[in-house]
Each structure stands twice: as structure tokens, then as C-alpha cells.
Amino acid sequence: MAEPLTDATDRAAASAPAGLPARMTAAASTTASSPGRSAAHPGEPGPRGLPVPPGVAEAILARADERTAPLVHGLMRPSLALAAGGDGPPAGVLGGLPALPAGTGWPEFAGRPMQLLAQLDCAGLAEAFRTTGRGGDWPLPTAGLLLFFHDEWLSDFTGRGCRVLHVPVGAPPGPAPADGPGTPAVPAVEVRAEWRLSAPSYQDRELENVFPDDFMIALDLAADFRDHLAAPGVRVLGWCDTDTGRPAGHRPLLQIGSRALAVDWGECVNVSFWITDEDLAAGRFDRVRHGFEVA
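> Lay out the environment of H150 with the relevant residues and their values.
Secondary-structure assignment places H150 in strand 6 (residues 145–150). Among the residues examined, H150 registers a relative accessible area of 0% and is labelled buried. Distance in space between the C-alpha atoms of H150 and S272 is 9.3 Å, their sequence separation being 122 residues. For H150, the residues in contact, after removing those within four places along its chain, are M114, Q115, L117, G161, C162, W265, V271, F273 and H290.

In C-alpha cells, the structure reads:
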């Protein structure tokens, strides 16, 4: 069961496709006003220049037409998959103790210390993102660490139970709080980053709006995407991989499955951090929202 981050009012406000931040935009050059251009053939870059796997390109060609196929290609987003091992650049650590600068206290929520889930190396992420030479500019900072904290009690359904800090590299690890559920640190796991293509789900309005007269096309395409683009345990940017409620005007910043960490979240199977296009473009992290899904 997904825990919603939005109500009916939010969903109504989200009826129009969300725009991309300036540093992520590489918009498709084909729209309804120029139907003569077809989607890329299997193995070729799509209209945004992103490398599209043959299975994905074939699915789009099979289900979409001359007008809608380029629009679907234009929805593809670059992302990074984080995992232990692999050949990608080092991207930081999941869990562990945070490198908190002097004067920065351990973040709390509702009077409780929050749980540190990740401390990601911005330089390593940027390097991994640029390895393909496609996908637009890297939209996050290129230096420092991004620290992701959340309320492990999962007690807040408004999205406020998290905090993301952008801190310099080199600060010593902060000691764990003396009390509260966040005291035992999540065991640290070093991770590396690899570039991954990310596709929308049938739950994303952007894909649904491409086929306003036949929702089943969006549903079938989403199934095709899942078959050809396996969801990583940890993803930076991209589209949402789960049934978590989509907060209006936001996109995923970080998604972490419970199996990627040595944690006990009960029936919660993943947590996510969400950011607006405006804040992503501006490098603001003080308004990031929290999401989670319960099986």
C-alpha cells in the first residue's frame, strides 16, 4: 500500500505535465505541430539525445504513433544507480555517521534524532553522470556531500519527516545522538554510481497526458519500460520506481529500497526524497519532501 503525499487538490493541480529545470532541459524537438518526424529506431538516441535501449525503443514504436512517439522519448530522464561494487566512480556511503561541520547539530524531527540514510559525494555523482556524454548538464552540486536524513518512525504523512544537508567534504564524522531511535547508526556501505535511463510510470501524469484518449497505451508502455529498465535498489534523480504517492510539482531526488540497507522499517519497503524543479535548478535542499511506501 502506498502512503500518499498528496490529496485531491494536489492531484488536480498536477494535471499539466511538469517542466524540467533549466539545467536538465534538452527538450524533444518534435511536437504535435511537426508530426512528420518519427521516434528513434532501436539502439539510436531519442529526440533528447539520451541512449535508449533497443527494447524500449521498440516498445515505443509499437505502441505510439508519429505524433506521440517523440513525446514519449522526450519524457525519458537520466539518473544514477548506486550500488556496492561495480565499475563506476565512488559515490559516497549509505548509512554510517554523518560528516557534520562544526556548529551543525544532528537533524531532528518531532524531538527525535533522524536516521542518516546516505552521504553522497557530489563530485563522484557528477563524474558518473557525465560518462555517457549525454543527458544534459548535471543539475546537482559538483562538490561537497549531500546528507540525507529521515524520520525512521515514518510518523508524518505530509512529507516533512526528512532533511537534506549540503556540506563541505572533510568534516569529521559526528557522534550518534545519545538517545532516540536513531542512535544505532545504519551500517556504512560504500557505493559506486552508474548512469541509468529512467522512464515514467502509468502513475505519472506526464505519460498519461500524452495519451488522453487511451489510458491503456500509457499502462502498457509503463509495463514495457519495467521489463527493459530494471529499477535499482538506490536511484538518484530520474522517475519514481514505486507506487509511492507523487507530491504535486516534485520529482524524485533519491530513492532507497529497504533491501539496500541493513535496516528494519517494518512493512515499509522504500523511502524517497522529493524536490521541486525550481529548487533543483537553484540547488536548494531545505524544502525537500519525504515519501515512503508500505507493502
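> A description of the packing of aromatic side chains should follow, citing residues and the corresponding values.
The tally for this structure, following the rule as stated, stands at five aromatic pairs. Plain terms: the ring middles of F129 and W138 are 5.0 Å apart, the flat faces sit at 50° to each other, and that makes the pair tilted. Each of the two residues, F129 as well as W138, counts as buried. Above the plane of the ring of W239 lies R77, whose end atom (NZ or CZ) is 3.5 Å from the centre.

> Provide a residue-level description of the pattern of salt bridges, including the pertinent values.
Charged atoms that come close allow side chains of opposite charge to pair. Taken as a whole and assessed by the stated rule, the structure comprises ten salt bridges. Here R63 and D224 are joined by a salt bridge, their closest N and O atoms 2.4 Å apart. With R63 in helix 2 (residues 54–63) and D224 in helix 6 (residues 215–228), this residue pair connects regions lying 161 residues apart in the sequence. The exposure class of R63 is partly exposed, given its relative accessible area of 35%. For R246, the salt bridge goes to D204, with nearest N and O atoms at 3.1 Å. Residue R246 is found in the loop between strand 9 (234–237) and strand 10 (250–257), and its partner D204 is found in the loop between strand 8 (189–198) and helix 5 (205–210); the two are separated by 42 residues along the sequence.

> Could you give an account of the packing of helix 2 against helix 6, naming the residues involved and the relevant values?
The N-to-C vectors of helix 2 and helix 6 enclose an angle of 165°; their axes lie 9 Å apart at closest approach. Between helix 2 and helix 6, the interaxial angle falls into the category roughly antiparallel. Relative to helix 6, helix 2 is oriented so that their crossing is right-handed. Taken together, the residues of helix 6 that come into contact with helix 2 (itself represented by G55, V56, A59, I60 and R63) are I217, D220, L221, D224, F225 and H228. For the contact of helix 2 with helix 6, the per-class residue count stands at six nonpolar, two polar and three charged.

> Describe the pairing of strand 5 (residues 115–121), naming the residues involved and giving the relevant values.
For a regular strand, side-chain orientation follows a simple rule: the groups alternate between the two sheet faces. The buried count for strand 5 comes to six of seven residues, which makes it a mostly enclosed element. Bridge analysis of strand 2 (residues 90–94) against strand 5 gives three bridges, and the strand direction is antiparallel. Paired with V93 across the bridge in strand 5 is Q119. As paired strands, strand 5 and strand 6 are joined by six bridges and run antiparallel to one another. Paired with L120 across the bridge in strand 6 is L146.

> Which residues make up the confidence of the model for the chain, and what are the values?
Taken residue by residue, the chain gives an average pLDDT of 82. The fraction at 70 or more is 80%. For the chain, the element scoring lowest by mean pLDDT is helix 1 (residues 8–13), at 37; strand 9 scores highest, at 97. Within the model, pLDDT remains below 50 along residues 1–39, and this stretch shows 89 contacts once partners closer than five positions in the same chain are excluded.

> Give me the lowdown on unusual backbone geometry, citing residues and values where you can.
For residues other than glycine, phi is negative in most cases, and the peptide bonds are mostly trans. The phi angle at A110 is positive, at roughly 55°, despite the residue not being glycine. Of note, A110 is situated in the loop between strand 3 (108–109) and strand 4 (112–113). Look at A110 and you get exposed, because its relative accessible area is 58%. Although it is not a glycine, L237 sits at a positive phi angle of roughly 65°. Within the fold, L237 resides in strand 9.

Calculation criteria
Residues numbered from 1 in each chain as written. Predicted model: local features only at pLDDT ≥ 70, side-chain atom pairs only at ≥ 80, totals over all residues. Heavy atoms only, no water. Helix = DSSP H or I, 4+ residues; strand = E, 2+ residues; numbered from the N terminus. Buried < 20%, exposed > 50% of the residue type's maximum accessible area, 1.4 Å probe, protein only. Contact = heavy atoms within 4.5 Å. Phe/Tyr/Trp six-rings, centres within 6.5 Å; stacked < 30°, edge-to-face > 60°. Lys NZ or Arg CZ within 6 Å of the ring centre and 35° of its normal. Salt bridge = Lys/Arg side-chain N within 4 Å of Asp/Glu carboxyl O. Axes fitted to C-alpha atoms, helices over the stretch in contact; angles between N-to-C directions. Parallel < 35°, antiparallel > 145°, perpendicular 65-115°, else oblique. Left-handed = near helix turned anticlockwise from the far one by under 90°. Nonpolar A, V, L, I, M, F, W, Y, C, P; charged D, E, K, R; others polar. Pairing = 2+ DSSP bridges. pLDDT = per-residue confidence, 0-100.

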